[in-house]
Amino acid sequence: METSIKLNNEVFDIEKIRSDFPILHQLVHKKPLCYLDNAASTQKPKVVIDSISDFYSTTNSNIHRGVHFLSEKATQNYENTRTTVKDFLNAKSEKEIIFTSGTTSSINLIANTYGRKNVNKGDEIIVTNMEHHSNIVPWQILCEEKNANLRVLPINNNGELILEKFNELITERTKLISVVHVSNSLGTINPIKKIIEIAHKNNIPVLVDAAQSIQHLEVDVQKLDCDFLAFSGHKIYGPTGVGVLYGKENLLEEMPPFMGGGDMISKVTFEETTFNDLPFKFEAGTGNIAGVIGLAAAIDYVKSIGLENINKHEAKLLNSATEKLSEIKGLKIIGTAKEKTSVLSFVVGNIHPHDIGTFLDFEGIAIRTGHHCTQPVMDYYKIPATSRASFAFYNTFDEVDHLTSALKKTIEVLS
Ligand code: C6P
């Protein structure tokens, strides 16, 4: 029985990195866990787990409310995370960083505030054919309510955006372009800076869904000049239930609040309520304080390894996996863009991806199967689902080999 995976890496000390992640060292169905479902959620290093545990053991208290020691300490830790996120994104000010429960809630916040205020009957919002449902449905709901129209930038067979089509789509009625930076089902890295330039030439603001880029690529909101950007903590080695919405200060200032409640107000009477300053105007109620604090630990951890190193190693894993899986007869890779992160989606003849996922699970391998909340992508390729292996910097070349041989075995049994 194989109980360990041999480690071999020239970019950085992967053995040491793996030792930072307690969850990776376990057997699943009596096989070493081979976790290749990182696009769904990444695993947490011990520093993140410890920061949450420390918060509850030593500091737990509500924030922005108490004058007592614990409340002030909790508030300070929470607000320190805002500075960590601001620096990580290179935002201009902490006022531009709003804590949410994740990418989905960040996008819904924009649809319900900026969208409701600025989108009217006959206006248009542009998304792309490779959006996650989180970046489709909130706009559909808004369009339905406002009698506005959702327009879709198409993709080509490689899973790349056809940018030229913007010329046909952008009109004087376009109120917002909301686009994914990296596709979760295809791995495509979109030319987001170019898209923002095109949009801004037409005076259209851009929301970037960075759920699948923040953990792989440098995301500098000032360099990109994006107007809004959303990401989730759990995809960047942080806790679940916490996320970020970045917005340019002037835009956030003009937006009405989303949820009403504690912390987002300045004064409340039965006649009138005035709202708190940024960013608190958008943080109603008690948030995920421990999660926010854990997010800072995750970002510090990622910075300590370095996004460049992470990117180099993941690119090698992707190349190796692409090469090896391409040799398997009948296997077709879905998503062959020139610029990709470490996401490998594939189909194999008539074998249902769920069967592949189940067989691989018995080999200790965790992948995701299904439509990955991108049904329009599946419709484009005329497939119901894919199998998706997604790699993180703690994955090894031996794991790529393990996936390849287990997949070959699975196909033999299932075909
Ligand atoms: N994608 C995946 O397996 P939340 O659930 O709010 O943290 O993230 C939503 C989301 C938005 N945009 C993109 C591009 C995403 O990939 C995701 C989450 C997971 O691919 C779960 S469906």
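Nothing here was measured: the structure is a model prediction, and the numbers come from that model.

Caption draft 1: Structural view of the site of the ligand. In the vicinity of the ligand lie 17 residues, with Thr104, Asp209, Ser232, Lys235 and Arg368 positioned nearest. Take Arg388: an N or O atom from its side chain is 2.8 Å from an oxygen atom of the ligand. If the ligand stood free it would expose 510 Å²; the protein chains cover 87% of that surface. With respect to the detected pockets, the ligand is housed in the second largest pocket. Along the lines of polarity and charge, the residues of the shell around the ligand split into five nonpolar, eight polar and four charged. Formed jointly, the shell around the ligand draws a minimum of three residues from each of two domains, domain 1 (5–43 + 306–410) and domain 2 (49–303).

Caption draft 2: Examining empty space enclosed by the protein more closely. The tally for this structure, following the rule as stated, stands at one cavity of 30 Å³ or more. Asn38, Ala39, Thr42, Gln215, His216, Tyr237, Ser342, Val343, Ser390, Phe391 and Ala392 together form the lining of the largest cavity. Split by domain, the lining of the largest cavity shows at least three residues from each of two domains, domain 1 (5–43 + 306–410) and domain 2 (49–303).

Caption draft 3: Fine view of the sheet that holds strand β16 (residues 368–370). If you trace the four strands from one edge of the open sheet to the other, you get β13-β14-β17-β16, paired in antiparallel fashion. Every interior strand has two partners, whereas the edge strands, β13 (331–334) and β16, have only one. On average, each strand axis in the sheet is tilted by 30 degrees relative to the strand beside it, whichever way the strands run. In this structure, β16 lies alongside strand β17 (residues 386–390), joined through three bridges in antiparallel fashion. When the sheet's bridge partners are listed, Thr369 is paired in β17 with Ser387. Most of the contacts of helix α11 (residues 307–326) go to strand β14 (residues 343–348), to which it runs at about 10 degrees, and overall it touches β13 and β14. Contacts from helix α12 (residues 353–362) reach β14, β16 and β17, with the element oriented near 160 degrees to β16.

Caption draft 4: Region of interest: the pattern of salt bridges. Following the criterion strictly, the structure yields 21 salt bridges and no others. The partner of Glu218 in a salt bridge is Lys223, and the shortest N-O contact between them spans 3.2 Å. With respect to class, Glu218 is no different from Lys223; both count as exposed. Put simply, Lys31, Glu363 and Lys409 are held in one network by salt bridges that share partners.

Caption draft 5: Region of interest: the environment of Ser105. Tracing the chain through its elements places Ser105 in helix α4 (residues 103–118). Residues Ser105 and Asn77 lie 28 residues apart in sequence; the distance between their C-alpha atoms is 23 Å. A polar contact is formed between the side chain of Ser105 and the side chain of Thr100, at a distance of 3.5 Å.

Caption draft 6: Representation of the environment of Thr374 in the model. Tracing the backbone shows Thr374 in the loop between β16 and α13 (375–381). With a relative accessible area of 0%, Thr374 lands in the buried category. Through-space distance from the C-alpha of Thr374 to that of Asp54 is 38 Å; in sequence the pair is 320 residues apart. Among residues more than four places away in sequence, those in contact with Thr374 are Met130, Glu131, His132, His133, Asn184 and Ser185.

Caption draft 7: View of the domain arrangement of the protein. For the protein, the domain assignment lists domain 1 (5–43 + 306–410) and domain 2 (49–303). For domain 1 and domain 2, the distance between their C-alpha centres works out to 28 Å. Tallying the contact residues gives 40 residues for domain 1 and 34 residues for domain 2. Summed over both partners, the interface of domain 1 with domain 2 buries about 3,000 Å², with 52% contributed by carbon and sulfur atoms. A per-residue breakdown of the area domain 1 buries against domain 2 is headed by Leu307, Thr341 and Tyr380, which together make up 20% of the total. Our count for the domain 1 to domain 2 interface comes out at zero salt bridges.

Caption draft 8: The arrangement of the nonpolar core in detail. Of all hydrophobic cores here, the largest spans 69 residues; its most connected members are Leu89, Leu229, Phe231 and Phe393. Three or more residues apiece are contributed to this core by two domains, here domain 1 (5–43 + 306–410) and domain 2 (49–303). The next biggest cluster of nonpolar side chains, apart from the first, holds 25 residues, and it includes Leu36, Leu317, Phe397 and Ile411.

Cut-off values and rules
Residues numbered from 1 in each chain as written. Predicted model: local features only at pLDDT ≥ 70, side-chain atom pairs only at ≥ 80, totals over all residues. Heavy atoms only, no water. Near = heavy atom within 4 Å. Polar contact = N/O pair within 3.5 Å; in protein donor to acceptor, adjacent residues only side chain to side chain. Areas by Shrake-Rupley, 256 points an atom, 1.4 Å probe, with all protein chains shown as cover. 1 Å grid on protein atoms, 1.4 Å probe; cavity = no way out; pocket = protein on both sides within 12 Å on 5 of 7 lines; lining within 4 Å. Sits in = over half its atoms within 2 Å of the grid points. Nonpolar A, V, L, I, M, F, W, Y, C, P; charged D, E, K, R; others polar. Domains from an automatic or database assignment. Points joined across faces, edges and corners; volume = space filled by probe spheres on them. Pairing = 2+ DSSP bridges. Helix = DSSP H or I, 4+ residues; strand = E, 2+ residues; numbered from the N terminus. Axes fitted to C-alpha atoms, helices over the stretch in contact; angles between N-to-C directions. Contact = heavy atoms within 4.5 Å. Salt bridge = Lys/Arg side-chain N within 4 Å of Asp/Glu carboxyl O. Buried < 20%, exposed > 50% of the residue type's maximum accessible area, 1.4 Å probe, protein only. Buried area = accessible area lost by both parts, 1.4 Å probe. Core = buried A, V, L, I, M, F, W, Y, C linked by side-chain atoms within 4.5 Å.

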